[in-house]
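Architecture at a glance
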Amino acid sequence: MQQKILSKNAIDFIDDQKLHRLIGETREDRIRSRDIVQKSMQKEALSLEETAALLAISSPDGLEELFESAKSLKKAIYGNRIVLFAPLYIGNYCVNNCSYCGFRKSLRNTVRRTLSDQELTAEVAQLQREGHKRLILVYGEHPQEYTPEFIAHTVKICYGVKTEHGGEIRRLNINAAPLSIEGFKTVKEAGIGTFQVFQETYHKESYNQYHPINTVKGDYMWRLNAMNRAFEGGCDDVGLGALFGLYDWRFEVLGLVAHSAYLQQTYGVGPHTLSFPRIKAAHGLKMNMQYQVSDEQFKQLVAVLRLAVPYTGLIMTARESPQVRDDVIEFGVSQIDAGTRLEVGSYQEPRGGEQELKREQFKIGDSRELDEVIGWLLQKGFIPSFCTSCYRLGRTGVHFMEYAIPGFIGKFCTPNALLTLAEYIEDYSSPQTKETGYQLIDKELDQFPEGDFKTKIQQKLQQIKTGQRDLLY
C-alpha cells in the first residue's frame, strides 16, 4: 500500500504507553513542581516526566504559581513583544478526508479555488497596504495541485510584490502537506522561513480514526517524520503543531514536547514554533467532541508548553476569541495572527458580515482588523512586532539556538520590534494607534541604559520618521 512505501524506515519517537503512564500515574506535587519551574527559569528544556508533573497541577494555588512562572519566563526570553502575521490561503483543493476539516474531499459543496498569479499578487498587495510584513502561506493537501514547484513559484511571487511606503513581505512561512526530501529542498531554495506541519494528534489510534488510511495523510509515520525530511532537505527552521480536541490534551502536550526533544537531540535544533489550535466549528463538522479543551485547560497547556520548551515560539491563532486571547497571551504566547481571513481570495473583499463556512476551513473567533489588534496589544503593554531580522541575517537553525536557548535573543528582539512598530505607525496606523504606539516606544526606550546602543536605536527611529525603512539589528 502507498502509505507503507511512504513511511519506510520511519522512526517512531512517540511512546504511547509511556505517555499514558505519565498521565495516569503523575500526581500534583507542589515542592517538585517548584523545582521543575526553577529548571525552566534557567532556560532548560524539561523532560517528559517533568512536563507531566506540571500537567498534573490542579489546585488553584498551584495553577496560579504555574501561570506566573510562565509569564516571567516568557518575559525573560522574549521581552514583552508579540510577533504579528497573517495567514494567506493559496488554494483549498485537498485529497484528504479529515472529519474535522471544512476542506475535506468528501464535502462536495465546499467552494474550491486556487489563486491565479494575478489574484495572488493582488492579495499580497492588499495585505501590505494593511501593514503586514510576515505571512504564512496555506495550501490544501493535494500533491498534484500544490507541488513543491508550485509552492516555490507562489513564494517568489509574494516576495516580488512591492507597494507604496516600502510595502513588502519580508518573511514567508509555509503550512502545507509534508514533502519528500527533494520537495523540501525545492521550497527552501525559494527562500521560505518556517515550514510548519501539524501532526494533528500524536495519539496513533485517534490519528487513524480521523484520517482514512487510503489517503497519504492516513500514514501517521510519514507525517511524524516530516521534519526529519525537512532537515535533510536543508530546512532548519520548522514549526510543529497539534489540533487540540482530537484526544486528551495532556497527551498532545507530551507529544509536542517529545517531538521537540527528538529534533533537538537528533539535529541540534528544536522547533522554531509550536502551535496549539483548538477544534472550532467547520463546514460539515461531524465528530465526537469528548476531548474538547476548556478555556482553563487551554490556559494551562500554554503555560506548560512555555515552561517545557523555553526557547520555542508559541503561536496562538485567531481561532480563539478576543476574550480568550486576552486572558492567555500573558502566559507564554509570542506570535499571533491578526486581521485574519480564511476564504481563498478574501483579503480584497469588504470587511464585516458572517463567515460563510463552506468557503473556509473553520470558524475564526477573532475577526478584528490588524490595527485593532495592535491597539489592544499596546494597551496591554506589549510591543507589536513585525521583526524578521533573525531569519534574514542568518540567525536560524543552530545559530538561532545559540542565541535563543541562553535567552540572549532579547538583545535583538526588542530593538527590532520597536523599529518595525515605528514603521507601521508611520505608514499604516490610525491616529489613536500612532499616539499610543509612540507612548509605548518612549516608555521602552526609557528602560535602556544610556550609551551607544540606546543612541543608535533612537537614531534609527528618527530615520524611520524621515522615510527610511527596513532598519534592523
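Summarised in this report is the structure supplied together with it. (Residues numbered from 1 in each chain as written. Predicted model: local features only at pLDDT ≥ 70, side-chain atom pairs only at ≥ 80, totals over all residues. Heavy atoms only, no water.)

**With respect to the overall build of the chain**
The line we're drawing: Going along the chain from the N terminus, every DSSP run of H or I of four or more residues is numbered as a helix, and every run of E of two or more is numbered as a strand. Radius of gyration: C-alpha atoms only; globule rule: 2.2 Å multiplied by the number of residues to the exponent 0.38. Using a 1.4 Å probe on the protein chains alone, a residue whose accessible area is under 20% of its type maximum counts as buried, one over 50% counts as exposed, and one in between counts as partly exposed. Should any heavy atoms of two residues lie within 4.5 Å, those residues are considered in contact.
Across its full length, the chain holds 20 helices and 9 strands. For 473 residues, the compact-globule estimate of 2.2 N^0.38 gives 23 Å, and the chain sits close to it at 21 Å. Counting only C-alpha atoms, the chain reaches 60 × 60 × 40 Å along its principal axes. When burial is assessed residue by residue, the chain has 62% of its 473 residues classed as buried. When contacts within the chain are restricted to residue pairs at least 6 apart in sequence, those whose partners lie at least 24 apart make up 75%.

**A short note on the environment of V309**
Relative to the helices and strands, V309 resides in the loop between α13 (295-308) and β7 (313-316). For V309, a relative accessible area of 2% puts it in the buried group. With residues near it in sequence (within four places) discarded, V309 still touches S260 and L274.

**A look at unusual backbone geometry**
A positive phi is found at K43, a non-glycine position, where the angle reads about 65 degrees. The exposure class assigned to K43 is buried, which follows from its relative accessible area of 18%. The backbone of E200 shows a phi angle near 75 degrees, a positive value even though the residue is not glycine. The topology assignment puts E200 in strand β4 (residues 195-200). On the accessibility criterion, E200 (8% relative accessible area) is buried.

**A word on the layout of surface pockets**
By rolling a water-sized probe across the atoms, one finds the places where empty space is left. Under the convention used in this document: The pocket and cavity definitions rest on a 1 Å grid over protein atoms only: a 1.4 Å probe that fits but cannot leave marks a cavity, an open set with protein on both sides within 12 Å along at least five of seven lines marks a pocket, and residues lining either have an atom within 4 Å of a point. Grid points are joined across faces, edges and corners, and a volume is the space filled by probe spheres set on the points. Following the grouping adopted for this structure description, the nonpolar residues are Ala, Val, Leu, Ile, Met, Phe, Trp, Tyr, Cys and Pro, the charged ones are Asp, Glu, Lys and Arg, and the polar ones are all others, Gly among them.
Size it by volume and the second largest pocket reaches roughly 320 Å³. Considering the residues around the second largest pocket, the lining is formed by 19 residues, among which P143, A177, P178, L179 and V216 are closest to the centre. The residue inventory of the lining of the second largest pocket, partitioned by class, reads 11 nonpolar, 5 polar and 3 charged.

**Regarding the packing of helix α7 (residues 148-160) against helix α8 (residues 181-189)**
Short version of the rule: As a rule, the C-alpha atoms of each element are fitted with a line to give its axis, helices using only the stretch in contact, and angles between N-to-C directions run from 0 to 180 degrees. In these notes the angle categories are as follows: under 35 degrees is roughly parallel, over 145 is roughly antiparallel, 65 to 115 is roughly perpendicular, and the rest is oblique.
Two elements in contact, α7 and α8, have axes whose closest approach is 8 Å; the angle formed by their N-to-C orientations is 10 degrees. Classed by the angle they form, the pair α7 and α8 counts as roughly parallel. Judged by residue contacts, P148, E149, I151 and A152 of α7 engage G183, T186 and V187 from α8. Classifying every residue of the contact of α7 with α8 by side-chain character gives 4 nonpolar, 2 polar and 1 charged.

**Some points on the environment of Q42**
Here Q42 lies in the loop between α3 (30-41) and α4 (48-55). Residue classification places Q42 among the exposed residues on the basis of a relative accessible area of 54%. Linking Q42 and A76, residues 34 residues apart in sequence, is a C-alpha distance of 10.0 Å.

**Things to note about the packing of aromatic side chains**
Aromatic ring pairs are reported here in terms of the distance separating the ring centres and the angle at which the planes meet. This is how it is decided: Only rings of Phe, Tyr and Trp enter the pairing, Trp through its six-membered ring, and a pair is recorded when the two centres are within 6.5 Å. The plane angle decides the type: under 30 degrees is stacked, over 60 is edge-to-face, the rest tilted.
Applying the stated criterion across every chain, the model contains 15 aromatic pairs. Plain terms: the ring middles of F13 and Y262 are 4.0 Å apart, the flat faces sit at 10 degrees to each other, and that makes the pair stacked. Residue F13 is located in the loop between α1 (2-6) and α2 (16-25), and its partner Y262 is located in helix α12 (residues 249-267); the two are separated by 249 residues in the primary sequence. Ring centres of Y100 and Y210 lie 6.3 Å apart, and the angle between their planes is 70 degrees; on these two criteria the pair is classed as edge-to-face. Here Y100 is found in the loop between β1 (81-91) and α6 (117-130), whereas its partner Y210 is found in helix α9 (residues 204-210), with 110 residues between them in sequence. The pair Y100 / Y210 is uniform in exposure class, with both members buried.

**Digging into helix α19 (residues 431-446)**
Residue pairs spaced three or four apart in an α-helix point in one direction, given the helix's 3.6 residues per turn. The condition that has to hold: One less than the number of residues in a helix, times 1.5 Å, gives the span that helix is expected to have.
Taking 1.5 Å of rise per residue, the 16 residues of α19 would be expected to cover 22 Å, and the 23 Å separating its terminal C-alpha atoms lies within 8% of that figure. Taken together, the buried positions of α19 are T433, T436, G437, Y438, L440, I441, E444 and L445.

**Here's the deal with the packing of helix α5 (residues 60-78) against α13**
Formally: Handedness of a crossing is defined here by the sense of rotation of the near helix relative to the far one, left-handed for an anticlockwise turn of less than a right angle and right-handed for a clockwise turn.
With their axes 9 Å apart at the nearest point, α5 and α13 run at an angle of 50 degrees to one another. Our classification of the angle between α5 and α13 gives oblique. Like other packed secondary-structure pairs, α5 and α13 cross with a definite hand, here left-handed. Across from L63, L66, F67, S69, A70, L73, K74 and Y78 in α5, the residues of α13 making contact are K299, Q300, A303, V304, R306 and L307. Taken together, the residues that form the contact of α5 with α13 break down as 9 nonpolar, 2 polar and 3 charged.

**Things to note about the pairing of β7**
Filter applied, for reference: We call two strands paired when DSSP finds no fewer than two bridges between them. The handedness of a crossover follows from its direction of travel: if, with the strands pointing away from the viewer, the path from the first strand over the helix to the second runs clockwise, the crossover is right-handed.
By the alternation rule, side chains of β7 split into G313 and I315 and L314 and M316, which are all buried. Relative to β7, strand β6 (residues 273-275) runs parallel, the two being bridged by 3 bridges. The residue bridging S275 from the neighbouring strand is I315, located in β7. Bridge count between β7 and strand β8 (residues 335-337): 2 bridges; the pairing is parallel. Across the sheet, the residue bridging to M316 is I336, located in β8. The parallel pair β7 and β8, bridged by helix α14 (residues 322-328), forms a crossover whose chirality is right-handed.

**Overview of the pattern of salt bridges**
Quick reminder of the rule: Think of a salt bridge as a Lys or Arg side-chain nitrogen and an Asp or Glu carboxyl oxygen that are within 4 Å of each other.
Tallying each qualifying case throughout the model produces 29 salt bridges. Residues R129 and E164 are paired through a salt bridge, measuring 3.0 Å at the closest nitrogen-oxygen approach. Placement of the pair is R129 in helix α6 and E164 in the loop between α7 and β3 (171-175), with a sequence separation of 35 residues. Classification of R129 as partly exposed rests on a relative accessible area of 43%.

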